[in-house]
Every structure is written in C-alpha cells, then in structure tokens.
Amino acid sequence: MSLIMILCIGVLVCALNPSLTKRLAEKVENITSARPDSSGQPGMFPGDGGDSSDSGQEGAGQSGRNGGREGAGGGTVEGLADTARPGVSADWLRDGNQTGYEPPDSRSVEAPASVSGRTGYEPVQEDAQQIAPEEADDLAESAPLGNTGSDLSFDPEFYPYYAMLETDMRSLYNQIYANAMDRVTVFAPVTAVNVNQLKTVFEAVYNDHPELFWLETGYSCKYLRNGSCVEITLKYNATADNLEASRQEFDSRAGEILAAAVEQGSALEQERYVHDSLMQQVEYVMNAPMNQSAYSALVNGRTVCAGYARAFQYLMQRMGIPCYYCTGYAGEDHAWNIIKLGEDYYNVDVTWDDTDTPTYDYFNKSDREFGTSHMRTGLAVYLPACRSGMDMQGNPVSDNASGAGNAGSGDSGNAGGMAAGDSGNAGSGTGNGDSGNAGSGTDNGNSGNSSTGTGNGGNAGSGTGDNGQESALALINPTPIEPLRWQGRTGTDSDAGAEGDVNANVDTAADQESETVTEPADEAERQEALEQAGISEGDVRDTMEEYYEDCGRLLREVGTGDRQFTNVIPKEMWNSVEQAYNNGAYRSGYVDDALEEMDAESFVIMLQVQDIGGGYYRLYHNVYTY
C-alpha cells in the first residue's frame, strides 16, 4: 500500500509539472540508448552522432534505402562536417576534403533489367558483446596489443578512407592493418574507441586494402556498458591457413595481367586493359567461395560485385593509379569503383559491364550518369565526387557539373595525346602547362612530374627535373605506404626483348648527375649522411661486382612475388648502374642466377633513386618475380 501511495503521488507531481516529466523522459532515453538492442548489437552512445547499422540504413551525411534526400539530382549532402560518422574527422571534412557527392533520390535507384541481381556486396558486420567490468579488468591485464603498426603511414591519394579518420582513429587503423598482415586474431585496441568508431575504422581498413584478401568482412569486439571497446577479434578466410602458398598464387595471377597492362600506353589504356581482362577471366557466381575478396576473382575466377571491384582496385593501385572501393545501393547492396585519371574521378562498374555481351556502359561515368542505378552509402559518401564522364576514346561527355574542362586544350586538360592548359595531363603525349604530368611523354610545365619524361622543375621521385629535389617515391609493398608505380619498358634492354619474360623499368631520378658538376662531399658530410641513413661505410657498394653480389643475395632473400630491397652506392657509380639496366647487363650480373635458384621464370623491376647526401644514392629495387 505504501508503494502504491508513493507511485500515485509521483504520477500527480508529474501531471502538475510537465517540465519534470520531460527531464525524466530524457534521462530514461539516455540510459536505454547505451544498451544493446534486441538483436544484441550495441545501440548509439552519447556523443557518437552516427550509427552502427549496415550500409543500407540512414547514417550521418548519407541516404538510406527508403529515405534519401529528395530534390532534383538528389540535392546536396548538407552539414557533413557537423554530422560526421563516428571516427570520421569533422575538421577533415570542413577543410574541404569531402568533395560534394550528391546522392540521388533513393526511390529512383534501381538496377536495369539487363544487370538485375548482379550485386552481392556484403556490408561489414560486427559481433559486439557487452561484458562486465570484472571481465574487462582481466582482459586489460592479459589482452596483447599485437603489432601496433606505429611506423606505418598511408598516402591519402591512394588510401582515402585512412585520410578521413580522426588522428587517434588512424592509430587504431594502423594497428588493425598490421595485425591483419601478421594474422593476429585477438588484441586490445591501442587507443580508446567505442563500438561505433571501431566499425568505421575497420570498414576504412577493409575498403582501402584489397591486398588483405584473407581478411573477412566481419569482426568481433567486447565492450563495456558505456560502449568502450576492450578487445577486438579479427576473422580470416580459408586462405589464411596456408597464406604463403595463397599469396604466391595470388601474385602470379595478378602478375600475368599487370605484365601486359604496363605495356599499354596511357593510364586510360592500362585501365581499359585491366577492365577487359577481368571480364574475360572472371565469371559472376553468386555463391562463389570468398566472394568478397580480390582472391575470388583473380585466382578462383568466380565472384560477385565485391570481388570484381576489389580485384580492379588492387590491380590499378599496383600500377600507381588511384582507385577506390565504393560501396552502396543498386537495387540491392552493391560495390563498384572510383578511379582517378589526371585530375578527375570516374565511376567504373566492371561487374555490370561483364554481361553475356560485354559492354562499356558503366565504364568511366559521372555520378549523374550513375544516379538512376547507383547510390553510395556508408563511408563511400565521403569519397570524391565524379563530376565528369568519358567516352571510350577518353573524350569528355557533356556532363560536367563543376565546369572543369576535360579537353585536349583547356584549363584542366586530359587527353590521350596532347594536353595544353594550366594543368595539363597527357596520357601518352605531351603536356604543356603550369603543372604538367606526362604519362610517358615530355612534360614542359613549371612544376613537372614525369614517369619517363623530363620536367623543368619537377619532383624527381620518378623522372627527372632540372631543379627538382631528388627523392624516392613513398615506398610500397610489402610495406603499404604507396602502391608500386609500374612503368612501361624504357631504354633498350635488348636481353629482355629477346627473352620476352623480363621487363626492366628504370626511373632515372639521378641521371642529371652526368651533366651537373657536384662538389665532392668532405669526410664529415659523408659520415653524417651515412649515420642519418642508418648505415655504415661497409654497407656502401663501391663497385659493380659488389653491387651485383648484394642484389643477387637480397633478391634470393626476399623471394618471389611483389618485393623490395635496397642498397647504397656512391654517386659516381650511378652512370654504370643506369647503363647496366639500359643495356640488359644487370641480367647476367645477378638476375639470371637468382631466378634459376628461385625456380622463377619472370622478373620485373622498377628502380627508384634517393639522394641521401654525402655523395651517396640509396637505390630502391621494387621487384616482381614469379
């Protein structure tokens, strides 16, 4: 009776004081929002400002399947910087890094009859379990961090999902990537993270790195009542059981496509070759094993849209062409790609082109052209907008909402032959502009970047620049900083041409030494340069015999596949090294014996040069052996 009387008094007080009732309701809502929902998944936590649902649901700055922003052309994504998904940096968005993707009205998005059902993308799934504080205390003492990846760095142009994360979430991204590389299963997060942030970070790692073909699309985590994660569990597919053999098979199949693709002319022609190769070699099969991975496409030849897109992403990355994994909705969950050619971005859907009669209906299209059939969801809404379309000859279509020129001559020119403008990009011709980029031609811009050409004031990571600072490109596999920039054959390399199985691709960032008189470094400068580079005088290869011996030893040590090794030579020895790669002498010098011992048949190399000071060059040998 006393309890009933107290409850009646409480009801009366609330009835006479509506403001009190509102405050009590808010308290109850805050409490329940921090509890798992009926499915056992964690709900929203105070301050998250986002959701942890699948990509088909409405999230921050994106449209859901049944409730997109309405208006002509889908309207604009307003307030992205203020409603960033958990873990995405609002500052990064405010600085203009989100380039204005406009989602279409979701009610108008459907797959054409000719490609209906050719989907199959599976969004990232988390299995989150709330635990008691006592269990968390035990985990804090026993759970390892694994490999934190603290020494890793990722190029934003190639890894956009990494770039969009908050700083502390990037450290978790590094840890997840490093542990996935090492196949560590269970570890404690390196930084404080809640369940919603964790899903964003895991999705970012997965979307950026198709080379992690053994990583599943799901993971598990244990969290406290306040949403803080205390343990992460990664999941791996069957290839992880014998990863070395799986990698060799994966590298071999990818290498077959890459070896031919690099012989194509412009970036567009290389893209088209990869696109066509996947259509020829891959079959769409809904229930194919491991169909979310690049492995299913490249090795098994049977996959769904996710496998097509991740294989295409991997191959384009390997050729130094930025390419992103884009997820969304196309009548069902779907995946495709966004590729960067010159200064522009394009949508590519290899899956939908690979019909009974192959087409180019979904090759290098704008967002507007994709608007009736494709809608981005999840983190993909933050990827760059695709404002231009392109025909098969590389000519622009009349669908440029931004007004940027895509013509042979214009302010921002992109052409297979010649581009002349303020920002010229030539696929296989000549670029003349304030900022020129030539794929395999000559760049006469004030700030030139050339693959195998010449720039008057370039950045000589791969190419030559009269006033450019010599430095190696950010380095690559097996470290993931930047994909390998595969080049076409340069020089004469007569041996390679005769054998037909070896391509020597040499970046001559130092060949201007033959034309420039350089004052010799004194002993103090030499010692300082070597110390800063972390090497001793004994590590310097002073003769071609020492260089060949060292290269042969290192090549055997790194083994087959996509590998890298380095050594240091005096600057005055560079001309001899360059000549050896141009005339094919390097093959008899160290490659032939190494290939025979490794039981390998083919060898591709790209040589990068870095001036470390003190009269020394460090040579980076990016090799692909199979």
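Residues numbered from 1 in each chain as written. Predicted model: local features only at pLDDT ≥ 70, side-chain atom pairs only at ≥ 80, totals over all residues. Heavy atoms only, no water.

Quick look at the overall build of the protein chain now. From N to C terminus, the protein chain includes 18 helices and 24 strands. When each of the 626 residues of the protein chain is scored for burial, the buried share is 55%. Considering only contacts in the protein chain between residues 6 or more positions apart, those separated by 24 or more positions represent 62%. Of the roughly 25,900 Å² of accessible surface on the protein chain, a fraction of 46% belongs to carbon and sulfur atoms. (Helix = DSSP H or I, 4+ residues; strand = E, 2+ residues; numbered from the N terminus. Buried < 20%, exposed > 50% of the residue type's maximum accessible area, 1.4 Å probe, protein only. Contact = heavy atoms within 4.5 Å. Areas by Shrake-Rupley, 256 points an atom, 1.4 Å probe, with all protein chains shown as cover.)

Attention shifts here to the pattern of salt bridges. With the rule as written, the count across this model stands at 17 salt bridges. In this structure, the salt-bridge partner of R376 is D367, at a minimum N-O distance of 3.2 Å. R587 serves as the salt-bridge partner of D592, at 2.9 Å between the closest nitrogen and oxygen. For D592, a relative accessible area of 31% puts it in the partly exposed group. (Salt bridge = Lys/Arg side-chain N within 4 Å of Asp/Glu carboxyl O.)

Once that is clear, we can look at the packing of aromatic side chains. Overall, the coordinates contain 24 aromatic pairs when judged by the stated rule. With a centroid separation of 4.6 Å and 35 degrees between ring planes, the pair formed by F202 and Y219 is classed as tilted. Taken as a pair, F202 in helix α7 (residues 195–208) and Y219 in strand β3 (residues 215–223) lie far apart in primary sequence, 17 residues in all. One exposure class covers both F202 and Y219, and it is buried. (Phe/Tyr/Trp six-rings, centres within 6.5 Å; stacked < 30°, edge-to-face > 60°.)

Moving on, we come to the pairing of strand β7 (residues 323–329). Counted residue by residue, β7 has seven buried out of seven residues, so it is predominantly covered. The alternating pattern of β7 places C323, Y325, T327 and Y329 on one face and Y324, C326 and G328 on the opposite face, and all of these are buried. Pairing of β7 with strand β8 (residues 333–341) involves seven bridges; the strand directions are antiparallel. Counterpart to G328 in the pairing with β8 is H334. (Pairing = 2+ DSSP bridges.)

The next subject is the sheet that holds β8. Read from one edge to the other, the open sheet built from five strands follows the order β10-β9-β8-β7-β11, with strand pairing classed as antiparallel. Only two strands of the sheet have a single partner each, and these edge strands are β10 (363–365) and β11 (375–376). Packing of helix α11 (residues 305–318) onto the sheet brings it into contact with β7, β8 and β9 (344–348), and relative to β8 it is tilted by some 20 degrees. (Axes fitted to C-alpha atoms, helices over the stretch in contact; angles between N-to-C directions.)

Spatially, β1-β3-β4-β2 is the arrangement adopted by the four strands of the open sheet, whose pairing is mixed. Each edge of the sheet is formed by a strand with only one pairing partner; in this case those strands are β1 (125–130) and β2 (186–187). Pairing analysis gives two bridges linking β2 to strand β4 (residues 229–236), with the strands arranged antiparallel. Looking across to β4, one finds that F187 is bridged to I232. The strands that helix α6 (residues 167–181) touches are β2, β3 and β4; relative to β4, the one it contacts most, it runs at about 40 degrees.

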